[in-house]
Amino acid sequence: MSVKKIAKQVGTSPATASRVLNNPGYRCQKPELRDKIWKVAMEQNYVPNEAARNLKVGHSSEDTKVYYLYVLMTRMDASLSDPFLFV
């Protein structure tokens, strides 16, 4: 379930649904709209995607390690007939 689908079911914009779901203290002009958004989110078992949120905000997990793998490939006479290696 995504915020866009929740917003479509409730009949509001994705921005409003996102504001309500990300900020529990957000007050809509219509209080029943906030309740409808939460009701649909709970019925559909909405769980925010932390990876997407971190990409948007620019944070990364501190315990995530980055590994680099360097590969050096050379060609010899016998490998010239290999159809999968191109120069």
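Presented here is an overview of the structure given in this document. Computed from a predicted model, the values in this text were never measured in an experiment.

Some details on the overall build of the protein chain
Turning to step 1, where the next piece is worked out: Each helix and strand in the protein chain was counted, giving four helices and zero strands.
Turning to step 2, where the next piece is worked out: When the elements of the protein chain are put in sequence order from the N terminus, they spell out α-α-α-α.
Turning to step 3, where the next piece is worked out: For the protein chain, the proportion of its 87 residues judged to be buried stands at 16%.
Turning to step 4, where the next piece is worked out: Put simply, of all contacts in the protein chain between residues at least 6 apart along the chain, 33% involve residues at least 24 apart.
Turning to step 5, where the next piece is worked out: For the protein chain, the accessible surface area stands at approximately 7900 Å², while carbon and sulfur atoms represent 56% of it.

Brief notes about the packing of helix 2 (residues 14-22) against helix 3 (residues 31-43)
Turning to step 1, where the next piece is worked out: At a minimum axis separation of 10 Å, helix 2 and helix 3 run at an interaxial angle of 80°. Between helix 2 and helix 3, the angle falls in the class roughly perpendicular. Residues Thr16, Ala17, Val20 and Leu21 of helix 2 pack against Leu33, Arg34, Ile37, Trp38 and Ala41 of helix 3.
Turning to step 2, where the next piece is worked out: A breakdown of the residues in the contact of helix 2 with helix 3 according to their chemical character gives seven nonpolar, one polar and one charged.

Remarks on helix 3
Turning to step 1, where the next piece is worked out: With 13 residues, helix 3 should cover 18 Å at 1.5 Å per step; its first-to-last C-alpha distance of 19 Å lies within 8% of that length.
Turning to step 2, where the next piece is worked out: Taken together, the buried positions of helix 3 are Leu33, Ile37, Val40 and Ala41. Here the buried residues of helix 3 occupy an arc of 100° about the axis, which is enough to place them on one side. Summarising the geometry of helix 3, the exposed residues directed more than 90 degrees from the buried face are Pro31, Lys39, Met42 and Glu43.
Turning to step 3, where the next piece is worked out: On the buried face of helix 3, the contacting elements are helix 1 (3-10) and helix 2.
Turning to step 4, where the next piece is worked out: Immediately downstream of helix 3, the backbone of asparagine 45 shows phi near 55°, a positive value.

Criteria and cut-off values
- Residues numbered from 1 in each chain as written.
- Predicted model: local features only at pLDDT ≥ 70, side-chain atom pairs only at ≥ 80, totals over all residues.
- Heavy atoms only, no water.
- Helix = DSSP H or I, 4+ residues; strand = E, 2+ residues; numbered from the N terminus.
- Buried < 20%, exposed > 50% of the residue type's maximum accessible area, 1.4 Å probe, protein only.
- Contact = heavy atoms within 4.5 Å.
- Areas by Shrake-Rupley, 256 points an atom, 1.4 Å probe, with all protein chains shown as cover.
- Axes fitted to C-alpha atoms, helices over the stretch in contact; angles between N-to-C directions.
- Parallel < 35°, antiparallel > 145°, perpendicular 65-115°, else oblique.
- Nonpolar A, V, L, I, M, F, W, Y, C, P; charged D, E, K, R; others polar.
- Expected span 1.5 Å × (residues − 1).
- Arc of directions from axis to C-beta.

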